[in-house]
Amino acid sequence: MSKPQGKLERFTSTLDCGQQPTSTEAIRFMTVSTTTQKLIWGIFAARCSMCRRKVIWESNSKSRSLTGEIAHIVGAKRSAARGRATCLGDRDGPDNLMLLCREHHKIIDDNEDEYPVERLHGIREEYLAWLETQLTPAQRWSAGIISQYTYLNVPRLDEFAAMLGYQIRHDPVPGKTHLSELNYEINHLMEQYRRVLDTLPMESVPVEKISFAHEGYIGQIVSFERLRFRNRNVPMYRPEGQMTAFKGDLDRDPHIYHAFSDWRFIINVDLRWITTNTAYGLVRSSGAGAVFSGFARINAVDFETNTMLATGLAIGVPPSFFDPVRESASSASEPIDMSTFEDDATKARQGGWIGTVASCDGCGKIFVEGDYMVDGPLHRGGPWGNICERCFLTGDRKLGIGLGQLFKKTSAGWPMVGGYPATLTDTSDY
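This one's a predicted model, so the numbers in the text were calculated from it and none came from an experiment. (Residues numbered from 1 in each chain as written. Predicted model: local features only at pLDDT ≥ 70, side-chain atom pairs only at ≥ 80, totals over all residues. Heavy atoms only, no water.)

Undergrad: What's the story with the pairing of strand S17 (residues 414-418) in this structure? I'm lost.
TA: Looking along a regular strand, one sees side chains alternate from face to face of the sheet. In terms of burial, S17 is largely enclosed, as four of its five residues are buried. Two elements, strand S13 (residues 352-353) and S17, share two bridges in a ladder whose sense is antiparallel. Bridging across to S17, Gly352 finds its partner in Pro415. Bridge analysis of strand S16 (residues 405-408) against S17 gives two bridges, and the strand direction is antiparallel. Across the sheet, residue Phe407 finds its bridge partner in S17, namely Met416. A loop of five residues connects S16 with S17, the two strands running antiparallel in sequence, and Gly413 in this loop sits at a positive phi of about 145°. (Buried < 20%, exposed > 50% of the residue type's maximum accessible area, 1.4 Å probe, protein only. Helix = DSSP H or I, 4+ residues; strand = E, 2+ residues; numbered from the N terminus. Pairing = 2+ DSSP bridges.)

If you want it as structure tokens, here you go:
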């Protein structure tokens, strides 16, 4: 005769599924707090630790039924399965709990000899390690999918670009100034960011491919294309001249969000970084919300609400399907060896660039030793500047007198290595 189901061992989580225990008996014997239940469902990504099947069933009408149960490794009380084993911590704490389907929960409780505490801890750890391997990998991505910026997190973007070796050149934005207060200067600022962001060699995880919330995503850059967001706590009128004070309370902090089937994606919104009044209206769109493309950085995971929270970096309106495709420099074609543009005649002149050059005038890339630099037009027929090899290669790739000269950064400076193959008897000024 099979062992009767232990009342202390059988309960399910609500996990935003609208299912609360209704009977007095269920409530009386529920020993694990609701908060911990939701935490376990989140940590285990709503899957059985043994068969790894999802334990939430969804109907065609999107209603849900929970088919999983939270199991104690050391029993909740001495009379329960494995209840006489030593528990070093809280029997109802997360470290002593695991999520199982109903079938495997009954199997481990009916067969204590085959499933002792040590084996269950091993199954638990093995499953959590496997779950990490199911995280969506990062892939190459370009900010060129943004047609018009609605949100530019100036300090975080500057920091992000610098980490990748790029510099975004712009005048400082005073502490309490909102971008919309810059008037015409906002156009120049957005162009400076576009020039660099479209070039950044970045990788991101597409949020549309993420199946579940997980701490492994913390610190990761995530991207989204044509994703519909709704907003909360964005005031009707922009409080210009005021800083956005985040309280860590989603009932008060301004944010936009998207609800996937198994997790929620939330981006906190600092009102200063909304670019224009029109953009503010889009962020604050009521009803069905607004569609955005962009990228953000995950900074926290809340398993109780199955939510991943992010800091928005650049967000904007996606291009129309009728707009021409804008090819970014980061998707440049085959790599080219810049040494092929060097020539011995130029090197024999022993010329060099006088002074320092910190970064590319085109894309903002910060120069380091070994980099090439071209003193030439930013685009043919346009103004001259100091450009990196990437910007040079996306142009017409021409060097020579009146076209551009090639320099290479060394510990001693910027010797000229190409683009001036005139003879040494030529007395014309460089």
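Still more to cover.
Undergrad: What is the right way to look at unusual backbone geometry in this model?
TA: Working note: non-glycine residues mostly have negative phi, and peptide bonds are mostly trans. In this model, Arg52 sits at a positive phi of 65°, which is unusual for a non-glycine residue. Structurally, Arg52 is set in the loop between helix H2 (34-43) and strand S1 (56-58).

Undergrad: Can you help me understand empty space enclosed by the protein in this one?
TA: Using a probe with the size of a water molecule, rolled over the atoms, empty space left in the structure can be pinpointed. Within the structure shown, the criterion is met by one cavity of 30 Å³ or more. Taken as a whole, the largest cavity spans an internal volume of roughly 30 Å³. As for the largest cavity, its lining consists of Thr150, Tyr151, Ile256, Val269, Val283 and Ile315. Per-class residue counts for the lining of the largest cavity are five nonpolar, one polar and no charged. (1 Å grid on protein atoms, 1.4 Å probe; cavity = no way out; pocket = protein on both sides within 12 Å on 5 of 7 lines; lining within 4 Å. Points joined across faces, edges and corners; volume = space filled by probe spheres on them. Nonpolar A, V, L, I, M, F, W, Y, C, P; charged D, E, K, R; others polar.)

Undergrad: Just to check I follow, could you spell out the environment of Pro383 for this structure?
TA: Topologically, Pro383 is positioned in the loop between strand S14 (372-377) and strand S15 (384-388). The residues touching Pro383, leaving out its near neighbours within four places in the chain, are Gly376, Pro377 and Leu378. (Contact = heavy atoms within 4.5 Å.)

Undergrad: So what exactly am I meant to see when it comes to the side chain of Thr307 here?
TA: Residue placement: Thr307 occurs in strand S12 (residues 307-317). At 3.0 Å, the side chain of Thr307 forms a polar contact with the side chain of Thr305. Setting aside residues no more than four positions away along its own chain, Thr307 makes contact with Arg264, Ile266, Ala300, Val301 and Asp302. (Polar contact = N/O pair within 3.5 Å; in protein donor to acceptor, adjacent residues only side chain to side chain.)

Undergrad: Would you take a moment to explain the packing of aromatic side chains for this structure?
TA: Between two aromatic rings, the relevant description is the distance of the centres plus the angle of the planes. All chains considered together, the criterion is met by 13 aromatic pairs. Relative to Phe292, the ring of Phe229 has its centre 6.3 Å away and its plane inclined at 40°; by these criteria the two rings are tilted. Within this pair, whereas Phe229 is found in strand S8 (residues 221-232), its partner Phe292 is found in strand S11 (residues 290-302), the two being separated by 63 residues in sequence. For the pair shown, Phe229 and Phe292 are each scored as buried. Each residue in the set Phe224, Phe229, Phe260, Trp263, Phe265 and Phe292 is aromatic and connected to the rest through ring pairs, giving one cluster. One residue, Arg349, lies across the ring of Tyr420, its end atom 4.2 Å from the ring centre. (Phe/Tyr/Trp six-rings, centres within 6.5 Å; stacked < 30°, edge-to-face > 60°. Lys NZ or Arg CZ within 6 Å of the ring centre and 35° of its normal.)

Undergrad: For this particular structure, what's the right way to read the environment of Asp270?
TA: With respect to the element layout, Asp270 can be found in the loop between strand S10 (264-268) and helix H7 (277-283). With 118 residues separating them in the primary sequence, Asp270 and Leu152 have C-alpha atoms 9.7 Å apart. Within the structure, Asp270 has its side chain in polar contact with the side chain of Arg272 (distance 2.8 Å).

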